[in-house]
Structures are given as C-alpha cells and as structure tokens.
Amino acid sequence: MPLMPKRVKHRKQQRGSRKGIAQSGNRLSFGEYGLKSMGRGWVRADQIEACRVAVTRHMKRKGKVWIRIFPDKPVSQKPLETRQGKGKGDPEFWVATVRPGTMLFEVAGVSLQVARESLRLAASKLPVSTRFVHRT
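Let me sum up the structure you'll find in this document.

Calculation criteria
Residues numbered from 1 in each chain as written. Predicted model: local features only at pLDDT ≥ 70, side-chain atom pairs only at ≥ 80, totals over all residues. Heavy atoms only, no water. Core = buried A, V, L, I, M, F, W, Y, C linked by side-chain atoms within 4.5 Å. Buried < 20%, exposed > 50% of the residue type's maximum accessible area, 1.4 Å probe, protein only. Helix = DSSP H or I, 4+ residues; strand = E, 2+ residues; numbered from the N terminus. Contact = heavy atoms within 4.5 Å. Pairing = 2+ DSSP bridges. Axes fitted to C-alpha atoms, helices over the stretch in contact; angles between N-to-C directions.

### A look at the nonpolar core
One broad trend across soluble globular proteins is that nonpolar side chains are buried collectively.
Here comes step 1: Formed by 21 residues in total, the largest nonpolar core has its most connected members in L35, I69, L104, F105, V107, L119 and L126.
Here comes step 2: Among the secondary structure elements, those contributing two or more residues to this core are β1 (33-37), α1 (45-58), β5 (90-98), β6 (103-108) and α2 (112-123).
Here comes step 3: With four residues, α2 is the largest single contributor of residues to this core.
Here comes step 4: Ignoring anything within four residues of it in the chain, the contact list for I69 reads V43, I48, A96, V98, T102, M103 and L104.

### Focus: the sheet that holds strand β4 (residues 73-77)
Adjacent strands of a sheet pair through backbone hydrogen bonds, lying either parallel or antiparallel.
Here comes step 1: Spatially, the three strands line up as an open sheet ordered β2-β5-β4, and their pairing is antiparallel. Each end of this open sheet is capped by a strand with a single partner; those strands are β2 (41-44) and β4. Averaged over all pairs of adjacent strands, the angle between their axes in this sheet comes to 50°, without regard to strand direction.
Here comes step 2: In the sheet, β4 pairs with β5 via five bridges, with the strands oriented antiparallel. Each residue of the ladder has a partner; that of V75, found in β5, is F93.
Here comes step 3: Of the strands in this sheet, β2 and β5 touch α1, which is tilted by about 65° from β2.

And the structure:
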C-alpha cells in the first residue's frame, strides 16, 4: 500500500510554492546519520518507498530507519488525449514538498560505512540532490 493520507479535507490541491529553505524538520532528531536535501522539488510516494526498501535491504534489517517526509499533497493529471477545458483532472499520485535543508531519512544502530552506503543507494532514487550528515 503506497504512502498517502487516510483522509484529506480537499481532494485536489493547487501546486503551491516551493521557494525558501526548510524552517522545520531540518536537523537530526532521531538517528545518528541522515540524508539531507540540498535541492527543492516534489518527492513522490513511490520514490520514498523505493528509498526505504533500498536502505533496509542494505542494512540487512539491522538498525532503525526513520522516514522524515510524508506525501500529503495530491497531484492531479488529465487523461491522455483529452481536450482542454472540462475541469481539473483526478488525483494521480501523492508528493511531499521538499526544500533545501529538509531531513529526508535518518538511520541508527549501524556503522558509519553501512549508513553512508545505504543512504547513498537511497539518494540515487530521489529527484533532489542530497548530502549525508551525521551527529558531531
């Protein structure tokens, strides 16, 4: 089952603004190592799931993984070969809006090398540039 809200107040949303930098959710809160966003954009629910699978597989289900973003924004698309007009399309997928500085994933309970490699694998599946961070 993909990541998506259980209920929403409004089924369709406007695209909104992606400008600015992350004011909250921008530091390590749970784990020892993290993957921080350096770019901005939308991260789809299936991309988040692909990252989660890559990280847990590489860590061989040791340690703990926290997903710090949640796709709560519906993105609608009109069907292919449809003329203009006739209203807004149906929601197709869910995205999380990511700004520079947003902490995407955190891991703990594994060595630095394992954490770095597993988060590198996750970063390759994301549409934004990222940086590996750890507690000092």
